[in-house]
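One letter stands for each residue in the lines below.
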Amino acid sequence: MSVPVSQMYTVAHYALSQHLRGVKRYPLVMMLEPLFRCNLECAGCGKIQYPDHILNRRLTPEQCLAAADECGAPIVSIPGGEPLIHPEMPAIAEGLVKRKKYVYLCTNAILLERKLQDYTPSKYLTFSIHMDGLKEEHDHAVCRDGVYDVAVKAIKAALAKGFRVTTNTTLFNDAAPARVRRFFDEMMELGVEGMMISPGYSYEKAPDQHSFLSRDRTHSLFAQLLAQRKRGWQFNQSPLFLEFLMGKREYECTPWGNPTYNIFGWQRPCYLLQDGYASTFRELMEETEWERYGTGRHEQCRDCMVHCGYEASAVKDTFSSWGGFFGTVRATLFPNAV
């Protein structure tokens, strides 16, 4: 694992404190969507399909910071849309860093190099660069030639200025394991701190509805990707979640572990499934019918194995049972052990 020791300690302390207090549902990562507009039109994304009057709306820094305070999660992930389009994103990031939140600012990196001057390197701020594979695969996924090269150049510039940089990769049904493993090599050679990988999000509004992974295909693909993994590969994720993707573990979804706040409010029940909104975080947690969701409970959850629903389950397993704790230690130290 490449997660910084300070971040691991913060998350562990937070999770243990919630567990010892008997709190059944608590957030680990807040998903903050300050806007839906993007400068790409990826076929697998459903965020940019809104009409212009919705795409033109943005959360203010005050709204973002108030939501983070209300939620209390130690980590804030800022997806989109494309966050760097937001003119007040530097103020939002700075406010979260001052609160000692670990911020993952997710970006396609098209604007990153020219925007770096607006940010200050910090252990609390990470640029999470969306990279969907090697040049051919990435440019195909984002439906624009040349984006991979722009992103690589921006990664190098950010690292040179002392910023923390990770990657996040969404894999679909056509992913070729050998090519993805080469991609892991390239990202590590660039010097990124760690990589995050996840099966494709099943967005209802996405133009391409044919490339999302079934559960069986997810198990098969990730078992091939992560078998005999190289020592140099660093993943910015729970090792138990990676085992879950490989089919070695079973977890139930915990959508409250990664609650989403956007221009409409607190999204029920999760980042991917839009089933209404709550006006407050408390309302989201106390009035959402959580038992309606998850594999075997909701049709749209049938094949989902995405990190926003299941990584919190893996983290909870680590800190709520000796089996989970020792499993995490084993998977961290000996990732290729059977």
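For the structure, see preceding data.
Rules used throughout
Residues numbered from 1 in each chain as written. Predicted model: local features only at pLDDT ≥ 70, side-chain atom pairs only at ≥ 80, totals over all residues. Heavy atoms only, no water. Buried < 20%, exposed > 50% of the residue type's maximum accessible area, 1.4 Å probe, protein only. Helix = DSSP H or I, 4+ residues; strand = E, 2+ residues; numbered from the N terminus. Right-handed = clockwise from strand over helix to strand, strands pointing away. Pairing = 2+ DSSP bridges. Salt bridge = Lys/Arg side-chain N within 4 Å of Asp/Glu carboxyl O. Patch = residues over 30% accessible without salt bridge, like charges linked within 9 Å, V, L, I, M, F, W, Y side chains within 5 Å. Areas by Shrake-Rupley, 256 points an atom, 1.4 Å probe, with all protein chains shown as cover. 1 Å grid on protein atoms, 1.4 Å probe; cavity = no way out; pocket = protein on both sides within 12 Å on 5 of 7 lines; lining within 4 Å. Points joined across faces, edges and corners; volume = space filled by probe spheres on them. Nonpolar A, V, L, I, M, F, W, Y, C, P; charged D, E, K, R; others polar. Expected span 1.5 Å × (residues − 1). Contact = heavy atoms within 4.5 Å. Phe/Tyr/Trp six-rings, centres within 6.5 Å; stacked < 30°, edge-to-face > 60°. Polar contact = N/O pair within 3.5 Å; in protein donor to acceptor, adjacent residues only side chain to side chain.

Observations concerning the pairing of strand S3 (residues 102-107)
Next up, step 1: Most of S3 is tucked away: six of the six residues are buried.
Next up, step 2: Since strand S2 (residues 75-78) and S3 lie parallel, the crossover through helix H4 (residues 89-98) that links them has a hand, and here it is right-handed.
Next up, step 3: With five bridges joining them, S3 and strand S4 (residues 125-130) adopt parallel strand pairing. Across the sheet, the residue bridging to Cys106 is Ser128, located in S4.

Points about the pattern of salt bridges
Next up, step 1: Applying the stated rule across the entire model yields 20 salt bridges.
Next up, step 2: For Arg99, the salt bridge identified is with Asp69, shortest N-O distance 2.8 Å. Residue Arg99 is located in the loop between H4 and S3, and its partner Asp69 is located in helix H3 (residues 61-71); the two are separated by 30 residues in the primary sequence.
Next up, step 3: Overall, Asp69 belongs to the partly exposed group, its relative accessible area being 47%.
Next up, step 4: Here the salt bridges share partners, and the residues they tie into one network are Glu243, Arg249, Asp317 and Arg330.

Some details on a nonpolar patch on the surface
Next up, step 1: The grouping of Trp322, Phe325, Phe326, Val329, Leu333 and Phe334 at the surface amounts to a nonpolar patch, some 680 Å² of accessible area in total.
Next up, step 2: Within the secondary structure, Val329 sits in helix H13 (residues 322-333).
Next up, step 3: In this structure Val329 comes out as partly exposed when scored by relative accessible area, which is 34%.

Remarks on unusual backbone geometry
Next up, step 1: Backbone torsion omega between Gly80 and Gly81 reads 10 degrees, so that peptide bond is classified as cis.
Next up, step 2: Along the chain, Gly81 turns up in the loop between S2 and H4.
Next up, step 3: In this model, Arg268 is joined to Pro269 through a cis peptide bond whose omega is -10 degrees.
Next up, step 4: Here Pro269 lies in strand S8 (residues 265-269).
Next up, step 5: Backbone geometry places Lys100, a non-glycine residue, at a positive phi of 60 degrees.
Next up, step 6: Topologically, Lys100 is positioned in the loop between H4 and S3.
Next up, step 7: Notably, Cys143 is not glycine yet its phi reads approximately 60 degrees, a positive angle.
Next up, step 8: With respect to the element layout, Cys143 can be found in the loop between helix H6 (135-141) and helix H7 (147-160).

Re empty space enclosed by the protein
Next up, step 1: Tallied over the full model, the rule gives one cavity of 30 Å³ or more.
Next up, step 2: Quantified by volume, the largest cavity comes out at close to 60 Å³.
Next up, step 3: As for the largest cavity, its lining consists of Lys24, Tyr26, Leu28, Thr254, Trp256, Gly257, Ala312 and Lys316.
Next up, step 4: Of the residues assigned to the lining of the largest cavity, the class counts are four nonpolar, two polar and two charged.

A look at H7
Next up, step 1: With 14 residues, H7 should reach 20 Å at 1.5 Å per residue; the first-to-last C-alpha distance of 20 Å fits that figure.
Next up, step 2: Residues Val147, Tyr148, Ala151, Val152, Ala154, Ile155, Ala157 and Ala158 constitute the buried set of H7.
Next up, step 3: At its buried positions, H7 is contacted by helix H5 (112-115), S4, H6, strand S5 (164-171) and helix H8 (177-190).
Next up, step 4: In the stretch just after H7, Gly162 is the one whose phi turns positive, near 90 degrees.

A word on the packing of aromatic side chains
Next up, step 1: Overall, the coordinates contain 19 aromatic pairs when judged by the stated rule.
Next up, step 2: A centroid spacing of 4.8 Å and a plane angle of 45 degrees characterise the contact between Tyr102 and Tyr124, whose relative ring orientation is tilted. Separated by 22 residues along the polypeptide, Tyr102 in strand S3 and Tyr124 in the loop between H5 and S4 bring together distant segments of the chain.
Next up, step 3: With a relative accessible area of 14%, Tyr124 lands in the buried category.
Next up, step 4: Summarising the aromatic geometry, the rings of Phe184 and Phe235 are spaced 5.3 Å apart at their centres and angled 85 degrees between planes, so their arrangement reads as edge-to-face. Here the residue Phe184 occupies a position in helix H8, and Phe235 occupies one in the loop between helix H9 (215-226) and helix H10 (239-245), the gap between them amounting to 51 residues. Comparing Phe184 with Phe235 shows no difference in burial state: the two are buried.
Next up, step 5: What links up through ring pairs into an aromatic cluster is the set Phe36, Tyr50, Phe264 and Tyr277.

Considering the environment of Asn262
Next up, step 1: Turning to its location among the elements, Asn262 is positioned in strand S7 (residues 260-262).
Next up, step 2: Since its relative accessible area comes to 0%, Asn262 is described here as buried.
Next up, step 3: With residues up to four places along the chain from it excluded, the contact list for Asn262 reads Glu33, Phe36, Leu59, Gln267 and Tyr277.
Next up, step 4: A distance of 2.9 Å separates the side chain of Asn262 from the backbone nitrogen of Phe264, its partner in a polar contact.

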